[in-house]
Amino acid sequence: MSKVGKLPVAIPAGVTVNVANGVISVKGPKGELKQNYHDDVEIKVEGSELTLTLKNETKQANAYHGLYRSLIANMVKGVTEGFTKTLVITGVGYRAEVKGKELVMNLGYSSDYIAIIPEGITVVATPDGKLSISGIDKQLVGEFSSQIRKLRKPEPYKGKGIRYENEVIRRKVGKTGVK
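None of these values were measured; they are calculated from a predicted model. (Residues numbered from 1 in each chain as written. Predicted model: local features only at pLDDT ≥ 70, side-chain atom pairs only at ≥ 80, totals over all residues. Heavy atoms only, no water.)

Caption draft 1: Expanded view of the environment of Leu-131. When you line up the elements, Leu-131 lands in strand β12 (residues 130-135). In sequence terms Leu-131 and Val-98 are 33 residues apart; their C-alpha atoms lie 9.6 Å from each other. If sequence neighbours within four positions are ignored, Leu-131 has contacts with Lys-85, Thr-86, Leu-87, Ile-89, Ala-96, Leu-103, Val-123, Val-124, Ala-125 and Ile-148. (Helix = DSSP H or I, 4+ residues; strand = E, 2+ residues; numbered from the N terminus. Contact = heavy atoms within 4.5 Å.)

Next up, the structure:
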């Protein structure tokens, strides 16, 4: 059995969990999430806890055990609290603004970059160069924020680019003049 999979998932008040036909759905105050699961794992909802058990002891089933427990815990956290990633845009003239369902960014290229914000994600751009990406689906928030960061990765000499708020950029020393 997986160490992570053995732990029960606490279901807070106001959250309902339904398991049927290989699909688990979690509904809470912020929305609803659904996830398919493999039949090697059996999911039981007992009161305010959700437990996962294995039907057979194989290496693949053991991996599914921990995977689905983590996914379900993230779904419960998403529908109650939500997930947020903050990006910091650093550089002269680099900026971003939200126009409807589009994120318009000037990142030093010849033209602006326009990213369409996916359904279920909220983006807030502040004038000081911060982008706050939030939503209930952890995978969707992480994927969208990594796509935005990929547009202009931070460079090590001046630190220009897009980075996560808690990310540390290792700065390099530039060339020194020959004497």
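Caption draft 2: A look at helix α2 (residues 59-80). Across its 22 residues, α2 extends 33 Å between first and last C-alpha, which sits within 8% of the 32 Å expected from 1.5 Å per residue. Among the residues of α2, Ala-61, Tyr-64, His-65, Gly-66, Tyr-68, Arg-69, Ile-72, Met-75, Val-76, Gly-78 and Val-79 are the ones counted as buried. One or two residues past the end of α2 sits Gly-82, with phi positive at roughly 90 degrees. (Expected span 1.5 Å × (residues − 1). Buried < 20%, exposed > 50% of the residue type's maximum accessible area, 1.4 Å probe, protein only.)

Caption draft 3: Here's a closer look at the layout of surface pockets. In this structure, the largest pocket spans a volume of roughly 210 Å³. Along its surface, the largest pocket is lined by Leu-33, Lys-34, Gln-35, Leu-71, Asn-74, Met-75, Ile-136, Asp-137, Lys-138 and Gln-139. Where the lining of the largest pocket is concerned, the elements lending two or more residues are β4 (31-36), α2 and α3 (138-151). Here the residues of the lining of the largest pocket sort into four nonpolar, three polar and three charged. (1 Å grid on protein atoms, 1.4 Å probe; cavity = no way out; pocket = protein on both sides within 12 Å on 5 of 7 lines; lining within 4 Å. Points joined across faces, edges and corners; volume = space filled by probe spheres on them. Nonpolar A, V, L, I, M, F, W, Y, C, P; charged D, E, K, R; others polar.)

Caption draft 4: Looking closely at the sheet that holds strand β5 (residues 41-46). Read from one edge to the other, the open sheet built from three strands follows the order β1-β6-β5, with strand pairing classed as antiparallel. What marks the edges here is a single partner per strand, and that holds for β1 (9-10) and β5. As defined by bridge partners, β1 adjoins strand β6 (residues 49-54) across two bridges and the pair is classed as antiparallel. Note on β6: the bridge partner recorded for Ala-10 is Glu-49. Across the sheet, α2 is in contact with β1, β5 and β6; its angle to β6 comes to roughly 165 degrees. (Pairing = 2+ DSSP bridges. Axes fitted to C-alpha atoms, helices over the stretch in contact; angles between N-to-C directions.)

Caption draft 5: Highlighting the pattern of salt bridges. Following the criterion strictly, the structure yields three salt bridges and no others. Measuring nitrogen to oxygen at the nearest pair gives 3.9 Å for the salt bridge that ties Lys-99 to Glu-97. Overall, Lys-99 belongs to the partly exposed group, its relative accessible area being 47%. By relative accessible area, Glu-97 is classed as partly exposed at 42%. Residues Glu-165 and Lys-130 are paired through a salt bridge, measuring 3.0 Å at the closest nitrogen-oxygen approach. Residue Glu-165 is found in the segment after β13 (161-164), and its partner Lys-130 is found in strand β12; the two are separated by 35 residues along the sequence. (Salt bridge = Lys/Arg side-chain N within 4 Å of Asp/Glu carboxyl O.)

Caption draft 6: How the structure looks around unusual backbone geometry. Phi is positive for Asn-21, which is not a glycine, with a value near 55 degrees. Take Asn-21: it is sitting in the loop between β2 (16-20) and β3 (23-28).

Caption draft 7: Focus on the nonpolar core. Counting residues in each nonpolar core, the largest one holds 21 residues, and the members touching the most others are Ile-24, Ile-43 and Leu-50. With seven residues, the top contributor of residues to this core is α2. Every residue in contact with Ile-24, bar those within four places of it in the chain, is listed here: Val-17, Asn-18, Val-19, Leu-33, Lys-34, Gln-35, Tyr-37, Ile-43, Leu-50, Ile-72 and Met-75. Judged by nonpolar contacts, the second largest core, of 18 residues, contains Tyr-94, Leu-103, Ile-117 and Ile-148. (Core = buried A, V, L, I, M, F, W, Y, C linked by side-chain atoms within 4.5 Å.)

Caption draft 8: The arrangement of the pairing of β6 in detail. Taking every second residue as pointing to the same face, the buried face of β6 carries Leu-50, Leu-52 and Leu-54, while none of Glu-49, Thr-51 and Thr-53 on the other face is buried. Counting the residues in the hairpin turn of β5 and β6 gives two residues, including Gly-47, whose phi is positive at 70 degrees.

Caption draft 9: Structural detail: the side chain of Ser-145. Along the chain, Ser-145 turns up in helix α3. Assessed through its relative accessible area of 0%, Ser-145 is described here as buried. Excluding residues that lie within four positions of it along the chain, Ser-145 makes contacts with Lys-85, Leu-87, Ile-133 and Tyr-164.

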